[in-house]
Amino acid sequence: MGEHTVSSFDEELEHIDRLIRDMGDLSGAMTRASTNALLESDNALAQRVISDDAIMDAKQRELDERAITLIAKRQPMAQDLRSVVGAIRMASDLERIGDLAKNIAKRVGAVGQQGATPRSLAHSIDAMAGLVLHQVNAVVEQYVQRNADALIRLRDDDEKVDIQYTSVFRELLTYMMEDPRNITSCTHLLFCAKNLERIGDHVTNIAENAYYVMTGSQLPVQRPKLDETQMTVDAES
Amino acid sequence: MNMLTDAAVEETLQSGSKPAASKMAGKDVTVHYGEKQALFGVNLEVPERQVMALIGPSGCGKSTFLRCLNRMNDTIDICRVGGSILLDGEDIYDPRIDVVELRARVGMVFQKPNPFPKSIYENVAYGPRIHGLASKKSEFDEVVETSLQKAGLFNEVKDRLQEPGTGLSGGQQQRLCIARAIAVSPEVILMDEPCSALDPIATAKVEELIDELRENYTIVIVTHSMQQAARVSQRTAMFHLGNLVEEGPTDKMFTNPDDKRTQDYITGRFG
């Protein structure tokens, strides 16, 4: 895509794009740090995630202001319009990812106080976290690379996260039934798993928005959606 | 549960963007000004009772095409028009066509308001008079009032109909010119940058008017303002270097155009 006749227009769009990339990198780092902190019971790391969330919020506010100003000043059209509106929406999903990572970090203390170490309780949370982290990093990378096809695959891959979540759910349920003293820790871990699953959903939203920004067309509504925990609860109640 | 299939969604989307019946059509239209060719085989259909916007950088041929639609180019000696322009399926360049009658059916509003140096009343009554559409005073009164009403100007000028039209503000003058065009009951109204000499409020009034006129008239508007084209039109045609680059539903043209030149032009990357 060529440059605008007005070069400051390009600079403004570039700045918004840079903020999205920054927020993307930060959301990846926060997701990784919060899950590491959880699995290692690392309170200091958890505190860092909590303070990083303030940076994330500030970046989102800056992006919103810049995007609104750009719309007012330039009245962008076609792919410029899509990229500005898309940026606002992606930033809001990235900010939510930051919130969810912060929420995981806040539970680190609560889980650690109990007897059993989280790692022994949550083998599959580890695997799930790895998968979600990969999704977060990949969506940012494919957005930067402007790779629309990869975004479709990425969106479909959210199913794997859902499957992992179901397996974590079952695993934690088993621990709670085995020993009621695990219930507090496991409930916190269950919230953490749910947060990871929600992060996966935000990645899906970002992939859809990024796809629209790049191509101008929306991805079809349907996508594989599997939440067997819902069925498990139904079956057992 | 909402189980809309892709095919159903696709169908809904397409029926929404289907062009209405064509009121005017250009078939392989070429225009030469002396040796210089200004239009290169343009094929474009103007749907009935819709607003079609013609956009493109200066010198792209959009005004030239517009002026073909009511043979305004006849007034330029060195201008030659090829191909055919159809109005309700009839070629308007047929020698049997009465040009004066044609221009009553296909009216025009220009960039700069150009009221006659006559009273407001006479500006509107002039067309019906020369076309013999009214004869009695009461008939003229009625056509003047309804035309000014339709142009959204009546309430502002009803107490000074005998004052000169040139004494009105720019925006009022432009709406007077629109009233003058409407007075002869045209089927199509051509507008060549009707708002470029107006302030934003007068522009908004004219745009509001265009939206109302769409119920009864087919409108073709040339504009340099992308936002205006996006606001007032249902379909947009993009011209570049005498060629029609792309034509389609306005919503699509301004969010996701197919052609790179359209993309570049509307996003401000050249032009």
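Starting from 1, residues in each chain are numbered consecutively following that chain's sequence as written. Naming scheme: in the order in which they are written, chains are lettered from A and ligands are numbered from 1. The predicted origin of the model limits local features to residues at a pLDDT of at least 70 and limits the giving and counting of side-chain atom pairs to 80 or more, whereas totals for whole chains, interfaces and linings rest on all residues. The side-chain quantities take in all heavy atoms of the structure and omit both hydrogens and water.

### Concerning the sheet that holds strand 9 (residues 235–240) of chain B
All names here are of chain B. Strand pairing is assigned whenever DSSP detects at least two bridges linking the two strands. Going along the chain from the N terminus, every DSSP run of H or I of four or more residues is numbered as a helix, and every run of E of two or more is numbered as a strand. Across the sheet, which stays open at both edges, the six strands sit in the order 6-7-8-3-9-10 with mixed pairing between neighbours. Among the strands making up the open sheet, the edge pair consists of strand 6 (106–109) and strand 10 (243–249). Across this sheet, the average inter-strand angle for adjacent strands is 20°, counted without regard to direction. When strand 3 (residues 51–55) meets strand 8 (residues 218–222), the two strands line up parallel, connected through four bridges. By the bridge assignment, L54 is partnered in strand 8 with V222. A contact between two residues is defined here by any heavy atoms of the two lying within 4.5 Å. A fitted line through C-alpha atoms represents every axis, and for helices the fit uses only the stretch in contact; the resulting angles, taken between N-to-C directions, go from 0 to 180 degrees. Across the sheet, helix 7 (residues 170–182) lies against strand 6 and strand 7 (188–192), angled at about 170° from strand 6, the strand it touches most.

### Remarks on the nonpolar core
By convention a nonpolar core is built from buried Ala, Val, Leu, Ile, Met, Phe, Trp, Tyr and Cys residues, the set being connected through side-chain atoms within 4.5 Å. Each residue is assigned to one of three classes by its accessible area relative to the maximum for its type, calculated with a 1.4 Å probe on protein chains only: buried under 20%, partly exposed between the two thresholds, exposed over 50%. Core analysis: the largest hydrophobic core is formed by 65 residues, its most contacted members being I20(A), L38(A), M128(A), V139(A) and L172(A). Among the elements of the structure, helix 1 (7–40), helix 2 (43–74), helix 3 (78–112), helix 5 (123–145), helix 6 (148–156), helix 7 (158–178) and helix 8 (183–215) of chain A are those that each provide at least two residues to this core. With 13 residues, the top contributor of residues to this core is helix 8 of chain A. Residue contacts for V139(A): discarding those within four places in its chain leaves L151(A), L154(A), V203(A), I206(A) and A207(A). One finds M77(A), V51(B), A179(B) and I210(B) within the second-largest nonpolar core, a separate group that totals 48 residues.

### A look at the interface of chain A and chain B
Chain A puts 17 residues into the contact, and the matching count from chain B is 16 residues. The term salt bridge refers to a side-chain nitrogen of Lys or Arg lying within 4 Å of a carboxyl oxygen of Asp or Glu. Counting across the interface, chain A meets chain B through one salt bridge. For R269(B), the salt bridge goes to D80(A), with nearest N and O atoms at 3.1 Å. In protein, a polar contact means a hydrogen-donor-capable atom and an acceptor-capable atom, both N or O and within 3.5 Å, with residues adjacent in sequence counting only if both atoms are side-chain atoms; elsewhere, any N or O pair within 3.5 Å suffices. Inspection of the chain A/chain B interface yields ten residue pairs in polar contact (both at pLDDT 80 or more). Examining the composition of the side of chain A that touches chain B, we find that four residues originate from one element, helix 3 of chain A, more than from any other. Residue type decides the class: Asp, Glu, Lys and Arg count as charged, Ala, Val, Leu, Ile, Met, Phe, Trp, Tyr, Cys and Pro as nonpolar, and the leftover types, Gly among them, as polar. Classifying every residue of the side of chain A that touches chain B gives five nonpolar, nine polar and three charged.

### Looking at helix 8 of chain A
Its 33 residues give helix 8 of chain A an end-to-end C-alpha distance of 48 Å, which sits within 8% of 48 Å, the value for a rise of 1.5 Å per residue. Taken from the residues just after helix 8 of chain A, G216(A) is the one with a positive phi, measuring 80°. Multiplying one less than the number of residues by 1.5 Å gives the expected span of a helix.

### Thoughts on the confidence of the model for chain B
Residues and elements named next belong to chain B. Taken over all residues, the pLDDT of chain B has a mean of 90, while the share at 70 or more is 93%. Taken as a whole, residues 12–17 scores under 50 in pLDDT and shows two contacts with residues more than four places along the chain or in a different chain. Model confidence for the complex: the whole-complex pTM is 0.79, and ipTM, which rates the interface, is 0.71. Residue-level confidence of the predictor is summarised by pLDDT, bounded by 0 at the bottom and 100 at the top.

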